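# Structural overview for review
What follows is the residue order along each chain.
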Amino acid sequence: MFEAQVAYYLNKYLGKYLQGLDADSLRISVWRGDVELRNLSLRPEALQDLDLPVTVKAGLLGRLTLKVPWTALGRQPVVVEFDRLYLLACPRHLEQPAQGAKVDLTQYEAEVAEGELTAKRQRVLAAETQWLQELRAKMALKAQQLQLQQQQGQGGTPKKAGGGGGGGLFNINFQALIHTILGNLQLRLTNVHIRYEDSRSLPGQLLSGGLLLGSMSAHTMDEKGREAFVTTDVLNLLRKAVVLQDFGMYFDVGSPFLEPPHDWASLSAREWDMLLSPARHAPAATGDVGGGGGDSGGGTQYRHHFLLLPISGQMNYVRRSTKFLTTRQSSDGTDDDGGGGRPPRQEGRIALRALSLALSREQYVGARALLEALDGYTANAPYRAMRPHCRPTSGADARVWWRYAFFAVQKQLRLQRGGSCSWSQLQTACRLRKKYIPAYARCLTAAAAAGAPSTAGTGATIAS
């Protein structure tokens, strides 16, 4: 009875990231019990919701598997597996004012007003769409509950008094089943490589960084730390074990970018593995390509400067709800392990086999350039839509840019205090900016002078 809901949520949360999801085929696959999707491309707008100055240049999800034990639902876990998740990101290309372009002040003000109105409409439409989708899902779920109640009544199942002929007891059992399924959900993630390439943040240098993950699995455990299927208070007292294998991060300065043999969109699964398989980017890695579709030898072995050398370990996580803590304290004042005192609401214990960090001077300079670019993008994000499409020259263009400054300060004050903006407030903002720019320039000059004598590369390594 949950097929429609499972297919709905899969399409809702994965559809905006993956291309090629068919809602009807997905519903049929869920009904059969096993969903297996292969070689799905990532959408270019997959990172748009994060509002970062990056976009997806190319991406692939090699395999998505969902195993639902319909005949033993509530007694066996639902398993979700992701294998071979490759993502290549690059800086977002922002629109630059054209040389010699002219913008009329009246036209500019109309465009800003239209942009603000369009943004409001989009926010309202998104909220209404989400509300309608959730309402449809709830109505479908209630219809299935009612149908199952009628089937139980026709089959001679005795009904309890109250709550509309046993509906209250059915709803309680149904809610407990949902909690059991969610609390025992198992997640497996293997062969992940997320890479970023940037040729603009640090002039004259190519910057690239990546995150590698061999595998990660999460499962429910009992009070003794053993893998188990828990049916009692599973969400009030949630115990999870996360096992991590070969998780690492690298950051290269001056290394060449990855070059595919042809267009990214037409790469085969084998070619994706040759370029982005974690086994080919791990330090001193040998053996064939992971991910179930790889190559048994040969190919390029990539070398990187690792900030975090690949590590492995396990984290045990415990989350106690307010209801559980209140009940436990009122009963005997002891925690779930028999100790005295009030236990913490959330608790995590991490055990790592080894931890090795390294940072060179070149990596530090490159990382600072990336962070400054991100900071500049974030600071300008609220005003980017109203930025004039012309150069700040004299005459009419100058009037447009002064109007842009007024709109920006007005929006800033509205975001901070919810009030309007006057010309006196705009003058105050201009005076502060005139003081700020020379002070910031002196700060940069002093920092550059202080770091000039130290030109040799330095490094630091911490190992435990």
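Please read all numbers here as calculations on a predicted model, not as lab measurements. (Residues numbered from 1 in each chain as written. Predicted model: local features only at pLDDT ≥ 70, side-chain atom pairs only at ≥ 80, totals over all residues. Heavy atoms only, no water.)

## Section: the overall build of the protein chain
Helix and strand counts for the protein chain come out as 10 helices and 10 strands. Among the 464 residues that make up the protein chain, the fraction classed as buried is 33%. Sequence-distant contacts, at least 24 apart, represent 69% of the contacts inside the protein chain between residues at least 6 apart. For the protein chain, the exposed area adds up to about 27800 Å²; of that, 56% sits on carbon and sulfur atoms. (Helix = DSSP H or I, 4+ residues; strand = E, 2+ residues; numbered from the N terminus. Buried < 20%, exposed > 50% of the residue type's maximum accessible area, 1.4 Å probe, protein only. Contact = heavy atoms within 4.5 Å. Areas by Shrake-Rupley, 256 points an atom, 1.4 Å probe, with all protein chains shown as cover.)

## A look at helix 5 (residues 269–276)
Here helix 5 has its buried residues at Trp272, Asp273, Leu275 and Leu276. For helix 5, the secondary structure elements touched by its buried residues are strand 2 (54–67), strand 3 (79–91), strand 4 (186–198) and helix 6 (278–281).

## Observations regarding the environment of Arg92
As for its position among the elements, Arg92 is in the loop between strand 3 and helix 3 (105–154). Along the chain, Arg92 and Val56 lie 36 residues apart, while their C-alpha atoms are 8.7 Å from each other. Apart from the residues lying within four places of it in its own chain, the contact partners of Arg92 are Gln48, Leu52, Pro53, Val54, Thr55, Arg200 and Tyr377. Only 2.7 Å separates the side chain of Arg92 from the side chain of Tyr377, close enough to count as a polar contact. (Polar contact = N/O pair within 3.5 Å; in protein donor to acceptor, adjacent residues only side chain to side chain.)

## Focus: the environment of Val192
Here Val192 shows up in strand 4. The buried category is assigned to Val192, whose relative accessible area is 3%. For the pair Val192 and Leu61, spaced 131 residues apart in sequence, the C-alpha separation works out to 9.3 Å. Apart from the residues lying within four places of it in its own chain, the contact partners of Val192 are Leu85, Leu211, Leu212, Leu213 and Pro278.

## As for the side chain of Thr180
By the element assignment, Thr180 lies in helix 4 (residues 163–183). Residue contacts for Thr180: discarding those within four places in its chain leaves Gly74, Phe229, Val230, Thr231 and Val234.

## Description of the pairing of strand 7 (residues 306–320)
Where strand 6 (residues 237–253) meets strand 7, 11 bridges bridge the pair, whose relative direction is antiparallel. Note that in strand 7 the partner of Val242 across the bridge is Met315. By the bridge criterion, seven bridges tie strand 7 to strand 8 (residues 346–352) in an arrangement that is antiparallel. Looking at the pairing, Met315 lines up with Ile350 of strand 8. (Pairing = 2+ DSSP bridges.)

## Examining helix 8 (residues 361–380)
Look at helix 8: 29 Å from first C-alpha to last across 20 residues, which is about the 28 Å you get at 1.5 Å a residue. Of the positions making up helix 8, those classed as buried are Gln363, Gly366, Ala369, Leu370 and Tyr377. When helix 8 is viewed along its axis, its buried side chains cluster within an angular range of 130° and face the same direction. The exposed residues of helix 8 that point more than 90 degrees off its buried face are Leu371 and Asp375. Those residues of helix 8 hidden inside the fold are in contact with strand 4, strand 5 (207–220), strand 6, strand 7 and strand 9 (356–360). (Expected span 1.5 Å × (residues − 1). Arc of directions from axis to C-beta.)

## So, unusual backbone geometry
For residues besides glycine, phi is generally negative; the peptide bonds are generally trans as well. Within the chain, Asn39 stands out as a residue other than glycine whose phi angle is a positive 50°. Position of Asn39 among the secondary structure elements: in strand 1 (residues 34–41). Not every positive phi belongs to a glycine, and Asn191 is a case in point at roughly 55°. Take Asn191: it is sitting in strand 4. The class for Asn191 is buried, based on a relative accessible area of 13%.

## Focus: the nonpolar core
With 36 residues, the main nonpolar core has Leu64 and Leu66 as its most contacted residues. Formed by 15 residues, the second largest nonpolar core is a distinct cluster that contains Tyr108, Tyr383, Ala408 and Val409. (Core = buried A, V, L, I, M, F, W, Y, C linked by side-chain atoms within 4.5 Å.)

## A short note on the pattern of salt bridges
Pairing between side chains of opposite charge can happen when their charged atoms approach one another. For the structure on display, the rule yields 11 salt bridges. Taking the shortest distance from any N to any O, the salt bridge between Arg63 and Asp83 comes out at 3.9 Å. Of the two residues, Arg63 sits in strand 2 while Asp83 sits in strand 3, which places them 20 residues apart along the sequence. The buried category is assigned to Asp83, whose relative accessible area is 4%. Between Arg226 and Asp222 there is a salt bridge, with its nearest N and O atoms 3.3 Å apart. Judged by its relative accessible area of 48%, Arg226 is partly exposed. Here the salt bridges share partners, and the residues they tie into one network are Arg63, Glu81, Asp83 and Arg188. (Salt bridge = Lys/Arg side-chain N within 4 Å of Asp/Glu carboxyl O.)

## Quick word on the packing of aromatic side chains
A full pass over the atoms with the stated rule returns seven aromatic pairs. On the numbers, 5.9 Å between centres and 65° between planes, the contact of Tyr250 with Phe306 is edge-to-face. Of the two residues, Tyr250 sits in strand 6 while Phe306 sits in strand 7, which places them 56 residues apart along the sequence. Side by side, Tyr250 and Phe306 carry an identical accessibility label, which is buried. Feature note: the residues Tyr86, Trp264 and Trp272 constitute an aromatic cluster, connected by ring pairs. (Phe/Tyr/Trp six-rings, centres within 6.5 Å; stacked < 30°, edge-to-face > 60°.)

## Quick notes on a nonpolar patch on the surface
A cluster of nonpolar side chains, namely Trp131, Leu132, Leu135 and Met139, defines an oily patch on the protein surface of about 410 Å² accessible area. Tracing the backbone shows Leu132 in helix 3. (Patch = residues over 30% accessible without salt bridge, like charges linked within 9 Å, V, L, I, M, F, W, Y side chains within 5 Å.)

## Focus on the environment of Arg319
By the secondary structure assignment, Arg319 is in strand 7. You can call Arg319 partly exposed: its relative accessible area is 26%. A C-alpha to C-alpha distance of 8.3 Å links Arg319 and Pro344, two positions 25 residues apart in sequence. Beyond its immediate chain neighbours, meaning those up to four positions away, Arg319 contacts Leu235, Asn236, Leu237, Leu238, Arg345 and Gln346.

## Structural notes on the confidence of the model for the protein chain
A residue-level look at the protein chain finds 76% of positions with pLDDT of 70 or above and a mean pLDDT of 78. Every residue in residues 157–165 scores below 50 in pLDDT, and together they form eight contacts with partners more than four places removed in sequence or on other chains. Here residues 452–464 is a poorly scored stretch, pLDDT under 50, and it has 21 contacts once near neighbours within four places are set aside; other chains count. (pLDDT = per-residue confidence, 0-100.)

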